[in-house]
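# Structural characterization, general
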Amino acid sequence: MIRTPIGWHWPKSWNRTYADVRCRSKRSNVLQFCLLCSNVVVFVIIVCSGTWKIFSGNEIGTLLGWWMWHSFEESKKDNIKPGDCYMIASTVSSKMLRSLATIEGFHFEETLTGFKWIANRADVLRKEGKTVLFGFEEAIGFMCGDFVLDKDGVSACLIAAEMTAWLETKGLTIQQQLEKLFEKYGYHITNNSYFLCYEADVIEAMFERLRNYEGTKSYPKTCGKFHVKHVRDLTAGFDDSQKDNKPILPVSKSSQMITFTFEEGIVATLRTSGTEPKIKYYTEICGKPGKETREELEQRLNDLVTSLVEEYFQPEKNNIRPKAD
């Protein structure tokens, strides 16, 4: 049994495939029951503050990333400068940590999806004498520090317990802290889902249509009322945000992946799954601190997703089935 200001219960046996941490705040103004669940690689936070909330991978990544930065600043470890510190996320994960990095002065990098890319990049940075504080992907994978160069749910669970205990001493719930981060660094709203498709030729035709949308080798310029600013195609090896039109991230012709950046502040990535018959989409709108409300940003993002599905996916024509609710 390990006791903290809010009282933690640890399972008696560590031989199980999970770690289960429960807490209930004793403060009258913070009514929160927190359940942290983890096996070796997967970690989730579930909180009850009147109603239950399961935090998304992006939200957990934001919270853990902030806490790793906060802990680094408090420790002033070996006089390491912020400019020598890094956080890493997969390219389809939230860019909230990029916004945090811009303001706080450390570096943020993105990699291809899959934790091998995050861990390999962390290994390279570490060998260069850099400090890797955190890495994550939105599909529930977290690397706190660089001691374990892989997603590690057990250590993430312990770090989250530490964070939650500290927040309780400040009279804050996890959700309240997340809102404070959004207020300081800007709201980052995501809308991710997928369609099921079992026909490889349908998938290929769908992506080839996007590559030849308005003629040969011509990508879409609009999506509904939204205007495409940049296109990055990691299958074809094209990125018009770069001077030489070549993407920084590695190119792979074995999978489909196209990212559209819109002038309205939204980024949308369409990609195929490497393990399941899915065509996924990841969308995010990044707001500036104090400029727009969450509701305004959510509405704009939802409008884009509606157009994205209708115009780019064409589910009825392609006979693809959306994710079940």
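Structural notes, computed from the coordinates.

Conventions used here
Throughout this document, residue positions are counted from 1 along each chain, in the order its sequence is written. Local features in a predicted model are, by the rule used here, given only for residues with pLDDT of at least 70; side-chain atom pairs are given and counted only at 80 or more, and totals for whole chains, interfaces and linings are based on all residues. Side-chain numbers here rest on the full set of heavy atoms in the structure, without hydrogens or water. Pairing between two strands requires that DSSP report at least two bridges joining them. Secondary structure is summarised from DSSP: a helix means a run of H or I of at least four residues, a strand means a run of E of at least two, and numbering begins at the N terminus for each. Crossovers are described as right-handed under a simple rule: with the strands pointing away from the observer, the path leading from the first strand over the helix to the second runs clockwise. Each residue gets one of three labels from its accessible area relative to the maximum for its type: buried under 20%, exposed over 50%, partly exposed in between, using a 1.4 Å probe on protein chains only. We call two residues in contact whenever any of their non-hydrogen atoms come within 4.5 Å of each other. Given the number of residues in a helix, its expected span is that number minus one, multiplied by 1.5 Å. Grid spacing is 1 Å over the protein atoms alone, the probe is 1.4 Å, and a cavity is where that probe fits but cannot get out, while a pocket is an open set with protein on both sides within 12 Å along at least five of seven lines and lining residues have an atom within 4 Å of a point. Grid points are joined across faces, edges and corners, and a volume is the space filled by probe spheres set on the points. All residues other than Ala, Val, Leu, Ile, Met, Phe, Trp, Tyr, Cys, Pro, Asp, Glu, Lys and Arg, Gly among them, are scored as polar; the first ten of these are nonpolar and the last four charged.

### Quick notes on the pairing of strand 6 (residues 107-111)
Pairing of strand 5 (residues 85-90) with strand 6 involves five bridges; the strand directions are parallel. Counted as the bridge partner of Ala89 is Glu110 from strand 6. Between the parallel elements strand 5 and strand 6, the chain passes through helix 2 (residues 96-104) in a crossover that is right-handed.

### As for the environment of Cys144
Residue position: Cys144 is located in strand 8 (residues 141-144). The class of Cys144 is buried, set by a relative accessible area of 15%. Between the alpha carbons of Cys144 and Trp67 there is a distance of 9.8 Å; along the sequence they are 77 residues apart. The residues touching Cys144, leaving out its near neighbours within four places in the chain, are Leu64, Met68, Leu133, Phe134, Ala156 and Ile159.

### Some details on helix 1 (residues 57-75)
Its 19 residues place the ends of helix 1 27 Å apart at the C-alpha level, agreeing with the 27 Å of an ideal helix rising 1.5 Å per residue. Helix 1 sits mainly inside the fold: 15 of its 19 residues count as buried. Lys76 sits one or two residues past helix 1 and shows a positive phi near 50°.

### Brief notes about the layout of surface pockets
Size it by volume and the largest pocket reaches roughly 830 Å³. Forming the walls of the largest pocket are 33 residues, and the residues nearest its centre are Lys95, Arg98, Glu110, Thr261 and Val267. Elements supplying a minimum of two residues to the lining of the largest pocket: helix 2, strand 9 (188-196), strand 11 (226-233), strand 13 (257-262), strand 14 (266-272) and strand 15 (278-286). When the residues that make up the lining of the largest pocket are grouped by side-chain class, the tally is 11 nonpolar, 15 polar and seven charged. Roughly 520 Å³ of internal volume is contained in the second largest pocket. Forming the boundary of the second largest pocket are 25 residues, of which Thr113, Gly114, Arg271, Thr272 and Gly274 lie nearest the centre. Class assignment of the residues belonging to the lining of the second largest pocket gives a composition of eight nonpolar, 11 polar and six charged.

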